[in-house]
Amino acid sequence: MIVAKFGGTSLASAHQIKKVCDIITSDPERRIVVVSAPGKRSRDDIKVTDMLIACAQAGLEKGNADDEMNAVVERYAGIASDLGLSGDIVEIIADDIRTRVNGDKSNKEKYTDNLKAAGEDNSAKLVAAYLKSIGYDARYVNPKDAGLILSDEFGNAQVLPQSYENLKSLSDYPGITIFPGFFGYSLSGEVVTFPRGGSDITGSILAAAVNADLYENFTDVDNVYSANPNLIDNPRPIIELTYREMRELSYAGFSVLQEETLIPVFKKGIPVRIKNTNNPSAPGTTIVKERHNITEPVVGIAGDAGFCFIYLSKYLMNREIGFGRRLLQILEEEHIPFEHMPSGIDNITIILKQAHFTEQKEKRIVERIVKELEVDDISVQRNLALVMIVGEGMRNTVGITSRASGALARENINLDMISQGPSEVSMIFGIKDYEKDRAIRALYNEFFK
Ligand code: ASP
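Analysis parameters
- Residues numbered from 1 in each chain as written.
- Predicted model: local features only at pLDDT ≥ 70, side-chain atom pairs only at ≥ 80, totals over all residues.
- Heavy atoms only, no water.
- Phe/Tyr/Trp six-rings, centres within 6.5 Å; stacked < 30°, edge-to-face > 60°.
- Helix = DSSP H or I, 4+ residues; strand = E, 2+ residues; numbered from the N terminus.
- Lys NZ or Arg CZ within 6 Å of the ring centre and 35° of its normal.
- Pairing = 2+ DSSP bridges.
- Axes fitted to C-alpha atoms, helices over the stretch in contact; angles between N-to-C directions.
- Contact = heavy atoms within 4.5 Å.
- Parallel < 35°, antiparallel > 145°, perpendicular 65-115°, else oblique.
- Left-handed = near helix turned anticlockwise from the far one by under 90°.
- Nonpolar A, V, L, I, M, F, W, Y, C, P; charged D, E, K, R; others polar.
- Salt bridge = Lys/Arg side-chain N within 4 Å of Asp/Glu carboxyl O.
- Buried < 20%, exposed > 50% of the residue type's maximum accessible area, 1.4 Å probe, protein only.

Caption draft 1: Region of the structure containing the packing of aromatic side chains. Applying the stated criterion across every chain, the model contains five aromatic pairs. Ring geometry for Tyr 251 versus Phe 307: centroids 6.4 Å apart, planes at 50°, classification tilted. Of this pair, Tyr 251 sits in helix α9 (residues 243-251) while Phe 307 sits in strand β13 (residues 300-313), and the two are 56 residues apart along the sequence. For Lys 125, the ring lying beneath its charged end belongs to Tyr 140, and the centroid distance is 5.8 Å.

Caption draft 2: Region of interest: the sheet that holds strand β16 (residues 417-420). Read from one edge to the other, the open sheet built from five strands follows the order β14-β13-β15-β17-β16, with strand pairing classed as antiparallel. The two strands at the open ends of the sheet, each matched to only one other strand, are β14 (347-353) and β16. When strand polarity is set aside, the average angle formed by the axes of neighbouring strands in this sheet is 35°. Note: strand β15 (residues 377-390) against strand β17 (residues 426-432), seven bridges, orientation antiparallel. Bridged to Met 388 within β17 is Ile 428. Those strands touched by α9 are β13, β14, β15 and β17, and its axis lies near 130° from that of β15. Sheet strands in contact with helix α13 (residues 400-410) are β15 and β17, and its direction is about 20° off that of β17.

Caption draft 3: The packing of helix α3 (residues 66-82) against helix α5 (residues 108-133), seen in detail. Following both chains from N to C, one finds α3 and α5 inclined at 15°, their axes separated by 11 Å at the closest point. When the axis of α3 is compared with that of α5, the two are roughly parallel. Seen from above, α3 lies across α5 with right-handed handedness. Packed against α3, whose contacting residues are Tyr 76, Ile 79 and Ala 80, the element α5 presents Ala 118, Gly 119, Asn 122, Ser 123 and Leu 126 at the interface. The residue inventory of the contact of α3 with α5, partitioned by class, reads five nonpolar, three polar and no charged.

Caption draft 4: Inspection of the sheet that holds strand β10 (residues 240-242) at higher detail. Across the sheet, which stays open at both edges, the eight strands sit in the order β3-β4-β2-β1-β7-β11-β12-β10 with mixed pairing between neighbours. Of all strands in the sheet, those with a lone pairing partner are β3 (138-140) and β10, marking the two edges. Neighbour-to-neighbour, the strand axes of the sheet open up by a mean angle of 20°, direction not taken into account. The pairing of strand β1 (residues 2-6) with strand β2 (residues 30-35) spans five bridges and is classified as parallel. Among the inter-strand pairings, Val 3 is bridged to a residue of β2, identified as Ile 32.

Caption draft 5: A look at the pattern of salt bridges. Within this structure, the stated rule accounts for 34 salt bridges. Among the ionic pairs, Glu 334 bridges to Arg 364, the shortest N-O distance being 2.7 Å. Residue Glu 334 is located in the loop between α11 (323-333) and β14, and its partner Arg 364 is located in helix α12 (residues 359-373); the two are separated by 30 residues in the primary sequence. Judged by relative accessible area, Arg 364 falls into the partly exposed class, the value being 42%. Where Arg 438 meets Glu 435, a salt bridge forms, and the shortest distance between an N and an O atom there is 3.2 Å. Owing to a relative accessible area of 8%, Glu 435 belongs among the buried residues under this scheme.

Coordinates in, geometry out; function isn't part of it.
Right, here's the structure in full:
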């Protein structure tokens, strides 16, 4: 059995939804389908999820979200009418959105999540209605009825383990199940959403729960490419990737899959195939546990800005038992996750995401580190980028660091940090953020041309 997930651009219009339904019905194995909210129809269009966020803001700030709500209902009504569906489904969708807009506003995050979830929920109702209208046995399933239970972190939920057992029986239905992505319910019955792009996560959870043979993720590109096509002309397509390679590339900016997507399928060893709704006969990119034909060391090059480094040094740091723990404890107490922590003998750099390490927090944390750990020197560098080369083949190839640093040196790019993760699947270079694109091009030319 296949679990297929369709992203926002695949649901953006009636024309796109017809393509989705052709794909679903062309293979009887595609029995569980996860859908996103309607996305952008063109570059400057607005995603329904963003319209719903605007709706929530208007409801909370102005106490009146009529215009924003009508705009969302009109998006659905336009699609429904182009699909030739009766007004009933539009009534159902309009009632649903109105109920959410008029919901309890005492907790802003809860109110916003409930509205955000309307995008996927109504998209699923619409697709199920269309499939039925053209004669297929299809049903819409609500995540609450199916038992998709999440942690109660609004906008940042994680799946709770009991969901897998609950969702197993989804595969019993002989027809096509249309399931909304992006949200589930907390134990207390509130709607909670995953981070943005989270319909990918729903698909992965469902694939793991029903032990699917394949998780297909339909988007609007033929493949994952070895570098960002907005930076490199015609980058090399990637036919096969391992979970680890994909995870590392998504971490550093490859946006084809939401970063947290792979965990559920990875645990079960279910392959993931990224395919294009607009060109479904293209083979796509398959993500697997192990690759057997590794002919080249590097499979992809990614880069992301928005990092900062805290550098600290203390004479004889290596002898001081508990130094690392106390340092990380300060970050834990300040609720800041760390990304990497390369170290020398008497010095250590902690790499954080700038979004977590705000300038307000910086002063307090630096003061705490100086006072509690009695360091000799501490400095903070902001506006840095991490550029990564990724590939399982790097493990058995000599000279990769020298090739990469040589390519960056020829571009006159200064390296603030180099780190080769213990897995040897990736190598990370810390540079100034304004040099990121140039660095990616230089590395691409070195490894792919
Ligand atoms: N619609 C949600 C978003 O825009 C989730 C998704 O599309 O995966 O983030």
